[in-house]
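Summary of the model geometry
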Amino acid sequence: MKIRRILLLFSILAGIFGAKADGLFQYPIVPDSITTLTGRCDYQARHFWDFCDLKKAFSSRARVADEFRGYLEILQLATPDSATAAIETFARRLDKQPDDLLYLAEIAEAELYSDTAKVWADELYIPFARAVVNNKRIQKAYKARFRQQAEVLANSLPGHKIPSIPYTRPDGTQGDVAKDSAQVVLLYVNDPDCSSCRMARVRLSADVNTRELINEGVLKIVAVTPADPDDKWRSEVESYPAEWSVGASPDIDMTLDLRGDMPVFYILDRNGKIRFKHLDINQVLDIMRQLKKR
């Protein structure tokens, strides 16, 4: 992946990206007047498929797939607005080729979204998922997965307000992550049986900066378990720090992106906007340290 990206960068910067792609189609040549890497990647993102006859190209799906993976590399180097616009334009060209659109969306899923993806690129993947959902020729059964993924990712993007996530406290009262307020809210999604979760909980509760931020009213920790609020769960969370808000929300994964291993951390600002997602415990404690220095 790194070698491929280096070669791609060299090709774009050197202006030799007009050669034929193994005979499948010709790449566009970036005008010499565009000198920055970002500008050249933006141009390539918008024009990558200009000389490709998409109806004929899919007679060799494997070759299209290889070109598509290169296209995804360019999209990651382009500005977000240019990348999104390019994807939407490309998807429209495939509107009457639903099987081919679905095929490429599944590659995008594997490369940008799945647990085995080398990089998660949520803002790039959402337009591909939405293209499948919006295509009237694709069967509903195929759309369901992409619709759920697009909705969950859109809910979880940094800069967006956290959606309503109801939870049940051990005493049976109801809470909602969207209504938990403080200067900083740390959402700690965990499984009490998970050893990594237990270690993260111990480190959080023992961290001097974290404790002081809670005592000063700057920080609120909301510990939510994706489970039913039954007696087993209540007994498991009895040892959680009393100053934390603790709850069970069995359907949280239907609203919020919880890919990867537990625990999952989100940091929200005073307005409930997501500032960071999918942090590890070391990153969380580093942020606590920085907050304490302010």
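On a predicted model such as this, the values are computed, not experimentally measured, just so you know.

**Digging into the pattern of salt bridges**
Following the criterion strictly, the structure yields 17 salt bridges and no others. With a shortest N-O distance of 3.2 Å, Asp-95 and Arg-137 are connected by a salt bridge. Of this pair, Asp-95 sits in the loop between α5 (80-93) and α6 (98-112) while Arg-137 sits in the loop between α7 (122-134) and α8 (140-155), and the two are 42 residues apart along the sequence. Glu-109 is the partner of Arg-145 in a salt bridge, and the nearest nitrogen-oxygen pair spans 3.0 Å.

**Considerations on helix α12 (residues 281-293)**
An ideal rise of 1.5 Å per residue puts 18 Å on 13 residues; α12 measures up with 19 Å between its terminal C-alpha atoms. Residues of α12 that are buried include every one of Ile-281, Val-284, Leu-285, Ile-287, Met-288 and Leu-291, and no others. Burial along α12 is one-sided: seen end-on, the buried residues are contained in an arc of 155 degrees. Where α12 is buried, its residues meet β3 (184-189), α9 (195-206), α10 (208-215), β4 (219-225), β6 (264-269) and β7 (274-279). Where α12 begins, the capping side chain belongs to Asp-280, and its oxygen is found 3.0 Å from the backbone nitrogen of Asn-282.

**Structural notes on the pairing of β4**
Most of β4 sits out of view: six of its seven residues are buried. Pairing of β3 with β4 involves six bridges; the strand directions are parallel. Bridged to Tyr-188 within β4 is Ala-223. With four bridges connecting them, β4 and strand β5 (residues 245-248) associate as parallel partners. The residue bridging Val-224 from the neighbouring strand is Gly-247, located in β5.

**Observations concerning the packing of aromatic side chains**
Inspection of every chain in the model, using the stated rule, returns 16 aromatic pairs. With a centroid separation of 5.7 Å and an interplanar angle of 80 degrees, the aromatic rings of Phe-25 and Phe-48 are classed as edge-to-face. You can see Phe-25 sitting in the loop between α1 (2-14) and α2 (37-47) and its partner Phe-48 sitting in the loop between α2 and α3 (54-57), a full 23 residues away along the chain. Taken as a pair, Phe-25 and Phe-48 share a single burial class, namely buried. Aromatic pair Phe-68 and Phe-128: ring centres 5.5 Å apart, planes at 80 degrees, arrangement edge-to-face. In this pair, Phe-68 is assigned in helix α4 (residues 61-77) and Phe-128 in helix α7, connecting sequence segments 60 residues apart. In this structure, Phe-68 and Phe-128 share a single accessibility class: buried. One aromatic cluster in this structure is built from Phe-25, Tyr-27, Phe-48, Trp-49, Phe-68, Tyr-71, Phe-90 and Phe-128.

Thresholds applied
- Residues numbered from 1 in each chain as written.
- Predicted model: local features only at pLDDT ≥ 70, side-chain atom pairs only at ≥ 80, totals over all residues.
- Heavy atoms only, no water.
- Salt bridge = Lys/Arg side-chain N within 4 Å of Asp/Glu carboxyl O.
- Helix = DSSP H or I, 4+ residues; strand = E, 2+ residues; numbered from the N terminus.
- Expected span 1.5 Å × (residues − 1).
- Buried < 20%, exposed > 50% of the residue type's maximum accessible area, 1.4 Å probe, protein only.
- Arc of directions from axis to C-beta.
- Contact = heavy atoms within 4.5 Å.
- Polar contact = N/O pair within 3.5 Å; in protein donor to acceptor, adjacent residues only side chain to side chain.
- Pairing = 2+ DSSP bridges.
- Phe/Tyr/Trp six-rings, centres within 6.5 Å; stacked < 30°, edge-to-face > 60°.

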